[in-house]
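Residues per chain are reported as follows:
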Amino acid sequence: MAVEQTDMRTSIGSMRLKNPVMTASGTFGYGEEYGSLVNLHRLGAIIVKGISLLPRQGNPPPRIAETACGMLNAIGLENVGLQSFLADKLPFLQGINTPLIVNILGETIEDYQQLAARLNEEEKVAALEVNISCPNVKEGGVAFGIDPGMASAVTKGVRQHFSRPVIVKLSPNVTDITVIARAVEEAGADAVSLINTVLGMAIDINVCKPKLANIFGGLSGPAIKPIGLRMVWQVAECVSIPIIGIGGITTSEDAIEFMLAGASAVQVGTTNFINPKAAEEIILGIENYLATNNIASVQDIIGRARET
Ligand SMILES: Cc1cc2nc3c(=O)[nH]c(=O)nc-3n(C[C@H](O)[C@H](O)[C@H](O)COP(=O)(O)O)c2cc1C
């Protein structure tokens, strides 16, 4: 019997989503910027640009460079800061019938805790996504996300101050991502999202200088999809919390690959800069895939490629 209507619902901990397609932090502004281009109510969730306690100016330009099948960015986590986010950005998002996930970043564990405590007061914030790819200033600038002990400590800190789902966003710039994934699961994360950008660089041969003022930047876009997919597969093998797949997702086929590898949801990032409607098109593409293959629910494809 043919499936009459496909069920696109999925969940991340206690957060229920109408479909599994989210927009990735830093590639979708604070939502409002895309409001005239995208039906924001149609999205599975909106993840806003990473928020810090105080506003950040980010790195000096040039801070973006195009590469084969991707881009490098060294934005340096520029953002309006918590107070302005609450006063100027949140009111617009309150009116959108889509779960809001706030991505947070800090320089110390206390920064993350304060952000979590204040955002916990805002009912509209359905979940936090904790960006641990930032330097810990109290530990000599080593990124939280590359050390299992620090990743665990920051997860515990946020967990204590936020009552709804805590998603920890993992960095691919580590030897073994499964060690970090297990550490944050044990520390109380409700889900993990992966991957953040891959460290890279580019050189302008005409001026014999790095293209980015910061020299190094984060590589994103289709170039990193195989890396993201491989890491989702590896993490799915070792944690039992939901995984959100990220990395170069451009089409519904890409999103489906991530779900077949074990992701319960996906994020669309760099592609938003080329095609702002990409997330909406991916939702439609997944629905068509389910209908064409007579699959009743999107739940049925999560991890399916792993079944023996
Ligand atoms: C310009 C830009 C800004 C970003 N800013 C953030 C950020 O503030 N916080 C964060 O966790 N990830 C940030 N990211 C990483 C993305 O959310 C995503 O993990 C990464 O780009 C890989 O996905 P993609 O290949 O689909 O873009 C940023 C990426 C780009 C390209």
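Predicted model only: the values in this text are computed from it and were never measured.

A. Seen up close, the layout of surface pockets. Of the voids in this model, the second largest pocket is the one considered here, and its volume is about 170 Å³. Lining the second largest pocket we find Ile64, Ala65, Glu66, Cys69, Gly70, Met71, Pro222, Thr250, Thr270, Thr271, Phe273 and Ile274. When residues of the lining of the second largest pocket are traced back to their parent elements, those giving at least two are β5 (64-67), β6 (70-73) and α7 (271-274). Taken together, the residues of the lining of the second largest pocket break down into 7 nonpolar, 4 polar and 1 charged.

B. Quick peek at the sheet that holds strand β11 (residues 166-169). Overall, parallel pairing links the 8 strands, which are arranged β3-β4-β7-β8-β11-β12-β17-β18 in a closed barrel. Going across the sheet, the axis of each strand differs from the next one's by a mean of 25 degrees, ignoring polarity. Across the face of the sheet, helix α2 (residues 109-120) comes into contact with β4 (45-51), β7 (100-104) and β8 (125-131) while running at roughly 170 degrees to β8. Where helix α6 (residues 252-261) meets the sheet, it contacts β17 (243-246) and β18 (265-268), and its direction lies at approximately 145 degrees from that of β18.

C. Focus on α2. For α2, built from 12 residues, the straight-helix expectation of 16 Å at 1.5 Å per residue is met to within 8% by its first-to-last C-alpha distance of 16 Å. Where α2 is concerned, the buried positions are Asp111, Tyr112, Gln113, Leu115, Ala116 and Leu119.

D. Focus on a nonpolar patch on the surface. Together, Leu199, Met201, Ile203, Ile205, Ile215 and Phe216 make up a nonpolar patch on the protein surface, roughly 620 Å² of accessible area in all. Here Leu199 is to be found in strand β13 (residues 198-201). According to the relative accessible area criterion, Leu199 is exposed, its value standing at 57%.

E. Local environment of the nonpolar core. Core analysis: the biggest nonpolar cluster contains 76 residues, and Phe85, Val102, Leu170 and Leu194 have the highest contact counts within it. In this view, Leu170 contacts Ile132, Ile177, Ile180, Ala181, Val184, Val192, Ser193, Leu194, Ile195 and Asn196; residues no more than four positions away in its chain are not counted. If you look at the next biggest cluster of nonpolar residues, it comprises 13 residues, including Ile47, Ile101, Ala191 and Ala265.

F. Local environment of the site of the ligand. Close contacts around the ligand come from 24 residues, with Ser25, Lys169, Gly221, Gly248 and Thr270 the closest. Residue Ser25 places a main-chain N or O atom 2.7 Å away from an oxygen atom belonging to the ligand. Between an oxygen atom of the ligand and a main-chain N or O atom of Ile195, the distance comes to 3.1 Å. Computed on the free molecule, the ligand has an accessible area of 610 Å², of which 97% lies beneath the protein chains in the complex. Residue classes in the shell around the ligand are distributed as 7 nonpolar, 15 polar and 2 charged.

G. Representation of the pattern of salt bridges in the model. Using the criterion set out here, one finds 12 salt bridges in the structure. Across the salt bridge formed by Glu257 and Lys225, the nearest N and O atoms sit 2.6 Å from each other. Here Lys225 lies in helix α5 (residues 225-238) and Glu257 lies in helix α6, a separation of 32 residues in the sequence. Of the residues examined, Glu257 reaches a relative accessible area of 33% and is grouped as partly exposed. Among the charged side chains, a salt-bridge network with shared partners connects Arg118, Glu121 and Glu122.

H. Examining unusual backbone geometry more closely. Residue Pro62 is reached from Pro61 by a cis peptide bond, and omega for that bond is -5 degrees. Relative to the elements of secondary structure, Pro62 occurs in the loop between β4 and β5. Residue Leu194 is joined to Ile195 through a cis peptide bond whose omega torsion reads 20 degrees. Within the secondary structure layout, Ile195 lies in the loop between β12 (191-194) and β13. We note that Cys69 has phi near 60 degrees; this positive angle belongs to a residue other than glycine. Within the secondary structure, Cys69 sits in the loop between β5 and β6.

I. Fine view of the pairing of β11. Across the two faces of β11 the burial is the same, with Val166 and Val168 and Ile167 and Lys169 all buried. In this structure, β8 lies alongside β11, joined through 4 bridges in parallel fashion. Residue pairing in the sheet places Val130 in a bridge with Val168 of β11. Both β11 and β12 contribute to a ladder of 3 bridges, which runs parallel. Bridge pairing in β12 places Val168 opposite Val192. Handedness of the crossover is the feature at issue here: the chain leaves β11, passes through helix α4 (residues 177-186), returns alongside β12, and the resulting connection is right-handed.

J. Quick peek at the pairing of β8. Counting buried residues along β8, 7 of its 7 residues qualify, which places the element largely inside the surrounding structure. As for the winding sense of the linkage, the β-α-β connection from β7 through α2 to β8 is right-handed.

K. Representation of the packing of helix α1 (residues 82-94) against α2. The geometry of α1 relative to α2 is characterised by a closest axis approach of 11 Å and an angle of 20 degrees between their N-to-C directions. For the element pair α1 / α2, the angle class is roughly parallel. Handedness of the α1/α2 crossing: right-handed. Residue-level contacts link Leu82, Phe85 and Leu86 of α1 to Leu115, Arg118 and Leu119 of α2. A class-by-class count of the residues in the contact of α1 with α2 yields 5 nonpolar, no polar and 1 charged.

Rules used in this analysis
Residues numbered from 1 in each chain as written. Predicted model: local features only at pLDDT ≥ 70, side-chain atom pairs only at ≥ 80, totals over all residues. Heavy atoms only, no water. 1 Å grid on protein atoms, 1.4 Å probe; cavity = no way out; pocket = protein on both sides within 12 Å on 5 of 7 lines; lining within 4 Å. Points joined across faces, edges and corners; volume = space filled by probe spheres on them. Helix = DSSP H or I, 4+ residues; strand = E, 2+ residues; numbered from the N terminus. Nonpolar A, V, L, I, M, F, W, Y, C, P; charged D, E, K, R; others polar. Pairing = 2+ DSSP bridges. Axes fitted to C-alpha atoms, helices over the stretch in contact; angles between N-to-C directions. Contact = heavy atoms within 4.5 Å. Expected span 1.5 Å × (residues − 1). Buried < 20%, exposed > 50% of the residue type's maximum accessible area, 1.4 Å probe, protein only. Patch = residues over 30% accessible without salt bridge, like charges linked within 9 Å, V, L, I, M, F, W, Y side chains within 5 Å. Areas by Shrake-Rupley, 256 points an atom, 1.4 Å probe, with all protein chains shown as cover. Salt bridge = Lys/Arg side-chain N within 4 Å of Asp/Glu carboxyl O. Core = buried A, V, L, I, M, F, W, Y, C linked by side-chain atoms within 4.5 Å. Near = heavy atom within 4 Å. Polar contact = N/O pair within 3.5 Å; in protein donor to acceptor, adjacent residues only side chain to side chain. Right-handed = clockwise from strand over helix to strand, strands pointing away. Parallel < 35°, antiparallel > 145°, perpendicular 65-115°, else oblique. Left-handed = near helix turned anticlockwise from the far one by under 90°.

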